[in-house]
Amino acid sequence: MESIFGRTMYPSLAEWCDIIEDKLDQSGTEPIWNVAPPEVDDRPFDAIFLGGGGAGRFGAAFMRARGGRPLIIEKWPFLGGSCPHEACVPHHILSECAKELDRAKWFSGQLWFPEFDPKKVSILDCIELVKEGRAGAHALMNVQTKEQLDCEYVLNAWGTVIDKNTVEVGGRTFHCRNLVLGTGVRTQYPEIPGVGLKGVYDFATLLSDLDYEPSRCVIIGGSKVAMEYGSFFQAAGVQTTILSRSPLMRTASLHHIDEDLRRYVIEMMELRGIEIVEGAEPVEILGNGRASGVAYRAPDGRDVTIETDFVFIATGERPTEMSKKFIDLLGLAVDERGFVKVNKRMQTSVPGIYAVGDLIGPPMEQFKARHSGCCAARNIMGEDYEWDCDEYADFLHTTYEVVWCGLTEEEARAKYGRVIKIQLPPDGLPHEHCAFPAGEGTMMFACRYPELTGFAKLVIAADSRKIVGAHYCGSGVKNVFQYLDHLIRRPEGITIDELGALNELQVNDLFIQLCRLRAGQAVLQDL
Ligand code: COM
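Residues numbered from 1 in each chain as written. Predicted model: local features only at pLDDT ≥ 70, side-chain atom pairs only at ≥ 80, totals over all residues. Heavy atoms only, no water.

Draft legend 1. Seen up close, the overall build of the protein. A tally of regular secondary structure across the protein gives 15 helices and 23 strands. Rg of the C-alpha trace for the protein: 25 Å, near the compact-globule value of 24 Å for 527 residues, within the 12% margin. With respect to the three principal axes, the spread of C-alpha positions in the protein is 75 × 60 × 50 Å. Taken across its 527 residues, the protein has 56% of its residues classed as buried. (Helix = DSSP H or I, 4+ residues; strand = E, 2+ residues; numbered from the N terminus. Rg over C-alpha atoms; globule rule 2.2 N^0.38 Å. Buried < 20%, exposed > 50% of the residue type's maximum accessible area, 1.4 Å probe, protein only.)

As structure tokens, then:
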């Protein structure tokens, strides 16, 4: 394809969709060039961002906004990386499908809902929906990054690192003052026989390779991905078993998981029919040419086999083999799992080389990718800027949205001694008699299925009256938690009195009215 740099007529969003689809269909084709020719701009690049996912794209945009000259090199024909293509966006769409399917089942034959017919649910159709939807996101990333953010890029081409100041791509050589590595990760498959069989997928290959309707699913791994995709498969009518070594939500990469929240989430997954085997040791994926079963050792030492035509791997991610090549070439320090080590400026062990996004390890979340890219850009542009990713609000989906920030009740008691909580349903009140929290999105459940309305807990240090943790399973609350997390972590924090002074917009809003009910108390008590 000819260069798109300097065109007065840019590809429209629709044209970009076609260009991207064409490129995705033919592997190894021409790069897409958007680089200023030397007569227009011959300044050296302040940084080459290898990888145009959230980390590289945001880093480059920030650098450009500060007057720098970034170049993004991306193997896919679009920017945004795995997020819009096979990770966050697909997962959000499939989780929304799971939530809709769940409602359709519970209300089957009631109100305006038809009798739920699982035969009408097609996983392949849901995947087609994802593919249709992601094309628009791809196109927007390309247009926005060029037209609005004024960044130069080369897409649809692998960059080859020659040294820390030189990258070759599409037969051309580019020089830079700094290198920012953001090439992401792939699912790491367990080393057991059978992982290469047809019928074994991860969140990425599910979208690219699945070509039949699964009838039974075994998930190996207990990560967020296991819970999220497992909930979707089960909601779509595919009997699902999760084989996890660690208890769900107690895996190493999740922190501040409140035990009451965890219990409710698992209970609700099991109520939907998912079988969860914790402490399981997968031994082999069985099959002749294609997966037909999974053999595992149960926690009590028994050898068990489950028949299945679909195995989903959710054992976490690691840097790719391609990344390992330049990591070795550049001599970068890595941790025991192979993630590139960085300091709080995103500097690696080699001066002039930064690493960002998933390549530096968990949390593998969008906010971390974007912030880490900007942090590298700020430092490259001369700012002395540190970014700390130790504390953050976190979430996952089942058929619910599960969100948390700050300390668990147990952690708060250890740290502050006197702690009170505001909780729905309160301890000792059976959920089937308590149709709360009943937030946005679970009001219909509240009327007919009280125990499905979710779980809410606010943790408060009683002496200072400060809110120190919040935990929620329900629907529609991620936005709230973004701000709540910020308020809690401000040096001055936020008290129960201050939260109670806000104006609620939903009758069963998240915590405001409940804080106000308690705010009059001089000595705070649980609610
Ligand atoms: C979002 C991708 S889908 S990015 O983080 O905006 O680049």
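Draft legend 2. Geometry of the site of the ligand. Taken together, Gly54, Arg57, Phe58, Gly80, Cys83, Pro84, Val89, Met141, Gln366 and Arg370 are the residues near the ligand. Here glutamine 366 contributes a side-chain N or O atom positioned 3.0 Å from an oxygen atom of the ligand. At a separation of 2.8 Å, an oxygen atom of the ligand approaches a polar side-chain atom of arginine 370. Starting from 260 Å² of accessible surface for the ligand in isolation, the protein chains cover 93%. Mapped onto the shell around the ligand, the elements with two or more residues apiece are helix H2 (54-65), helix H3 (82-85) and helix H10 (366-380). Residue classes in the shell around the ligand are distributed as 5 nonpolar, 3 polar and 2 charged. (Near = heavy atom within 4 Å. Polar contact = N/O pair within 3.5 Å; in protein donor to acceptor, adjacent residues only side chain to side chain. Areas by Shrake-Rupley, 256 points an atom, 1.4 Å probe, with all protein chains shown as cover. Nonpolar A, V, L, I, M, F, W, Y, C, P; charged D, E, K, R; others polar.)

Draft legend 3. Molecular detail of the pairing of strand E3 (residues 70-73). Neither face of E3 is open: one carries Pro70 and Ile72, the other Leu71 and Ile73, and all of them are buried. Strand direction decides the pairing type here: strand E2 (residues 45-50) and E3, joined by 4 bridges, are parallel. The partner of phenylalanine 49 across the bridge, within E3, is isoleucine 72. In terms of handedness, the path from E2 via H2 over to E3 forms a crossover that is right-handed. Bridging between E3 and strand E4 (residues 152-155) involves 3 bridges; their strand directions are parallel. Counterpart to isoleucine 73 in the pairing with E4 is valine 154. (Pairing = 2+ DSSP bridges. Right-handed = clockwise from strand over helix to strand, strands pointing away.)

Draft legend 4. Representation of the sheet that holds strand E21 (residues 419-424). The antiparallel open sheet is built from 5 strands, whose spatial order is E19-E20-E23-E22-E21. Two strands close off the open sheet at either side, each with one partner strand: strand E19 (394-397) and E21. Ignoring strand direction, the axes of neighbouring strands in this sheet form an average angle of 10°. The pairing of E19 with strand E20 (residues 401-406) spans 4 bridges and is antiparallel. Looking at the pairing, phenylalanine 395 lines up with valine 403 of E20. (Axes fitted to C-alpha atoms, helices over the stretch in contact; angles between N-to-C directions.)

Draft legend 5. Looking closely at the side chain of threonine 251. Relative to the helices and strands, threonine 251 is located in the loop between strand E11 (239-244) and helix H8 (259-271). Owing to a relative accessible area of 16%, threonine 251 belongs among the buried residues under this scheme. Once residues lying within four places of it in the same chain are set aside, the contact partners of threonine 251 are Gly222 and Ser246. (Contact = heavy atoms within 4.5 Å.)

Draft legend 6. Broad picture of the pattern of salt bridges. For the structure on display, the rule yields 39 salt bridges. As a salt-bridge pair, arginine 337 and aspartate 335 come within 3.3 Å of each other at their nearest N and O atoms. The exposure class of aspartate 335 is buried, given its relative accessible area of 16%. Measuring nitrogen to oxygen at the nearest pair gives 3.3 Å for the salt bridge that ties aspartate 463 to arginine 418. Of the two residues, aspartate 463 sits in the loop between strand E22 (455-461) and strand E23 (466-474) while arginine 418 sits in the loop between helix H11 (409-416) and E21, which places them 45 residues apart along the sequence. Because the salt bridges share partners, they merge into one network encompassing Arg250, Asp258, Glu259, Asp260, Arg262, Arg263, Glu278, Glu409, Arg413, Lys421, Asp427 and Lys457. (Salt bridge = Lys/Arg side-chain N within 4 Å of Asp/Glu carboxyl O.)

Draft legend 7. Just the nonpolar core, in detail. Grouped together as the largest cluster of nonpolar side chains are 61 residues, with contacts concentrated most on Trp16 and Leu181. Look past the residues within four positions of leucine 181 in its chain and what remains in contact with it is Leu50, Phe326, Leu330, Leu332, Ile353, Tyr354, Ala355, Val356 and Leu359. In terms of nonpolar packing, the next biggest core, distinct from the first, is built from 55 residues, Cys97, Tyr229, Tyr264 and Trp404 among them. (Core = buried A, V, L, I, M, F, W, Y, C linked by side-chain atoms within 4.5 Å.)

Draft legend 8. The side chain of threonine 241, seen in detail. Here threonine 241 lies in strand E11. The class for threonine 241 is buried, based on a relative accessible area of 0%. There is a polar contact of 2.7 Å between the side chain of threonine 241 and the side chain of glutamate 275. Those residues in contact with threonine 241 that lie beyond four places of it in its chain are Arg216, Cys217, Val218, Ile219, Glu275, Val277 and Ile306.

Draft legend 9. Structural detail: the state of the cysteines. Scanning all chains against the criterion turns up 0 disulfides. Here cysteine 88 stays free of any disulfide, with the sulfur of cysteine 83 as its closest cysteine sulfur at 3.4 Å. The partly exposed category is assigned to cysteine 88, whose relative accessible area is 24%. The cysteine cysteine 126 is free of any disulfide, with cysteine 97 supplying the nearest cysteine sulfur at 4.2 Å. (Disulfide = S-S within 2.5 Å.)

Function-wise, these values are silent; they only describe arrangement.
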